[in-house]
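Spelled out, the chains give:
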Amino acid sequence: MDLILWRHAEAHELDGGMSDLERPLTRRGDKQAARMAAWLDRQLPEGARILCSPAVRTEQTVRALGRKYKVHEELRPGASPEQLLQLAGWPGAKAPVLIVGHQPTLGETISRLLRMAEPECSVKKGAVWWLRNRERESQQQTVVVTVQTAELL
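So, here's what we can say about the structure. (Residues numbered from 1 in each chain as written. Predicted model: local features only at pLDDT ≥ 70, side-chain atom pairs only at ≥ 80, totals over all residues. Heavy atoms only, no water.)

## Describing the packing of helix α3 (residues 81-88) against helix α4 (residues 105-113)
Then comes step 1: Where α3 contacts α4, the two axes come as close as 9 Å, and the packing angle between them is 75°. It follows that α3 is roughly perpendicular to α4 by the angle criterion. Every residue of α4 that contacts α3 at Pro 81, Glu 82, Leu 84 and Leu 85 is listed here: Thr 105, Leu 106, Glu 108, Thr 109, Arg 112 and Leu 113.
Then comes step 2: When the residues that make up the contact of α3 with α4 are grouped by side-chain class, the tally is five nonpolar, two polar and three charged. (Axes fitted to C-alpha atoms, helices over the stretch in contact; angles between N-to-C directions. Helix = DSSP H or I, 4+ residues; strand = E, 2+ residues; numbered from the N terminus. Parallel < 35°, antiparallel > 145°, perpendicular 65-115°, else oblique. Contact = heavy atoms within 4.5 Å. Nonpolar A, V, L, I, M, F, W, Y, C, P; charged D, E, K, R; others polar.)

Put into structure tokens, the structure is as follows:
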């Protein structure tokens, strides 16, 4: 199974007039999302499931991809790695799953799957971590396929 984790692009800081879920992307964030979406569109198979948080910034990020997606409350800020992995169907889903979400959930999920010593891995805004589950010698393994940032595209 492939699990692709995409952190939302750069968003405006929280101000008194909006909730955290209402924060939109900045102009720079729009550009980050467009660059990463163009790259992802070339890489993702047609059958990939695409899921995102209900936050405005995640929906704006995923819309740049131009594919159908589903919003899931379980991916809102503060979600647990367990919620994310269950929703994705890790490790047994048949199709690749792209999740557009938030820190620290994405970093905690990566750290858990890669068995890192730290409880959380830093994930840059707009970046993608592409992970793959495989079985070797009766052992489940998580392999890093690629890590990509919008700045390098």
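## Quick notes on the environment of Met 116
Then comes step 1: Relative to the helices and strands, Met 116 resides in the loop between α4 and β5 (128-136).
Then comes step 2: A relative accessible area of 34% means that Met 116 is categorised as partly exposed.
Then comes step 3: Considered as a pair, Met 116 and Gln 86 are 30 residues apart in the sequence and their alpha carbons are 20 Å apart.
Then comes step 4: Those residues in contact with Met 116 that sit more than four places away from it in its chain are Ile 110, Ser 111 and Cys 121. (Buried < 20%, exposed > 50% of the residue type's maximum accessible area, 1.4 Å probe, protein only.)

## Let's talk about unusual backbone geometry
What you tend to see is this: most non-glycine residues have negative phi, and most peptide bonds are trans.
Then comes step 1: The amide bond that connects Trp 90 to the next residue, Pro 91, takes the cis arrangement and shows omega of 5°.
Then comes step 2: By the secondary structure assignment, Pro 91 is in the loop between α3 and β4 (97-101).
Then comes step 3: Between Gln 103 and the following residue, Pro 104, the backbone shows a cis peptide bond with an omega angle of 5°.
Then comes step 4: Along the chain, Pro 104 turns up in the loop between β4 and α4.
Then comes step 5: Phi at Arg 115 takes a positive value of approximately 55°, unusual for a residue other than glycine.
Then comes step 6: Of note, Arg 115 is situated in the loop between α4 and β5.
Then comes step 7: Backbone geometry places Glu 137, a non-glycine residue, at a positive phi of 50°.

## As for helix α2 (residues 56-63)
Then comes step 1: By the burial criterion, the buried members of α2 are Arg 57, Thr 58, Glu 59, Thr 61 and Val 62.
Then comes step 2: Buried positions along α2 lie against β1 (2-7), α1 (27-43), β2 (49-52), β3 (70-71) and β4.

## Some details on the pairing of β1
Then comes step 1: Most of β1 sits inside the fold, with six of its six residues counted as buried.
Then comes step 2: Burial along β1 is two-sided: Asp 2, Ile 4 and Trp 6 facing one way and Leu 3, Leu 5 and Arg 7 facing the other are all buried.
Then comes step 3: One ladder, built from five bridges, connects β1 with β5; its direction is antiparallel. Note that in β5 the partner of Ile 4 across the bridge is Trp 130.
Then comes step 4: In the sheet, β1 pairs with β4 via five bridges, with the strands oriented parallel. (Pairing = 2+ DSSP bridges.)

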